[in-house]
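Spelled out from the first residue to the last, the chains are:
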Amino acid sequence: MIRFSVNGRPRTFSGKEFTRLIDVLREEFGLTGTKEGCGEGECGACTVLVDGEPVNSCLVPVFQMDGRKVETVESLGGPERLDPLQEAFAACGGSQCGICTPGMLMTATAFKKKGGTADRESIRKCLAGNLCRCTGYQHIVDSVAAAVAPVSKKRKKR
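The structure presented is a predicted model; accordingly, all values stated were derived computationally and were not measured. (Residues numbered from 1 in each chain as written. Predicted model: local features only at pLDDT ≥ 70, side-chain atom pairs only at ≥ 80, totals over all residues. Heavy atoms only, no water.)

### Some words on the environment of Gly103
Line of reasoning, step 1. Mapped onto the elements, Gly103 comes out in helix 3 (residues 101–113).
Line of reasoning, step 2. Gly103 sits in the buried class, given a relative accessible area of 0%.
Line of reasoning, step 3. With 57 residues separating them along the chain, Gly103 and Cys46 place their C-alpha atoms 5.5 Å apart.
Line of reasoning, step 4. Ignoring any residue separated from it by four or fewer positions in sequence, one finds Gly103 in contact with Gly44, Ala45, Thr47 and Asn130. (Helix = DSSP H or I, 4+ residues; strand = E, 2+ residues; numbered from the N terminus. Buried < 20%, exposed > 50% of the residue type's maximum accessible area, 1.4 Å probe, protein only. Contact = heavy atoms within 4.5 Å.)

### Notes on the side chain of Gln86
Line of reasoning, step 1. Topologically, Gln86 is positioned in helix 2 (residues 84–92).
Line of reasoning, step 2. Overall, the relative accessible area of 14% leaves Gln86 in the buried class.
Line of reasoning, step 3. Beyond its immediate sequence surroundings of up to four residues, Gln86 is in contact with Val73, Leu76, Gly77 and Leu105.

In structure tokens, the structure reads:
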């Protein structure tokens, strides 16, 4: 039995240990926010945080999660209370078709938690492993910058 935390809740999985994490999240736990784009770890659509680090969940066998902490896009917020990154993506047009958005949000969440700033070059480097076929990236970069700008300003005041 594999025991790990998903979005702050203890979870267990007793299926095949080489089942991909994305399949466990979507099919076993009903967390369908994580999307599968390529299934080969190239697009980043399936990005979740494992112990705070962005990981392509399509590449990870679930047995590697034993004792670890997994965060999916559902951990950020919902329609009644959006996370500042979700609000910024909505306000700045950072999501179009929505396939890449969960992975972009989770990668940006890790960036923000690690003290990322609104510097657009840093944001582009952070998001380099996430592909989007709709936006041309500028709106995504603007969204992340808008969400981290208030945090960056607070740090400068100290």
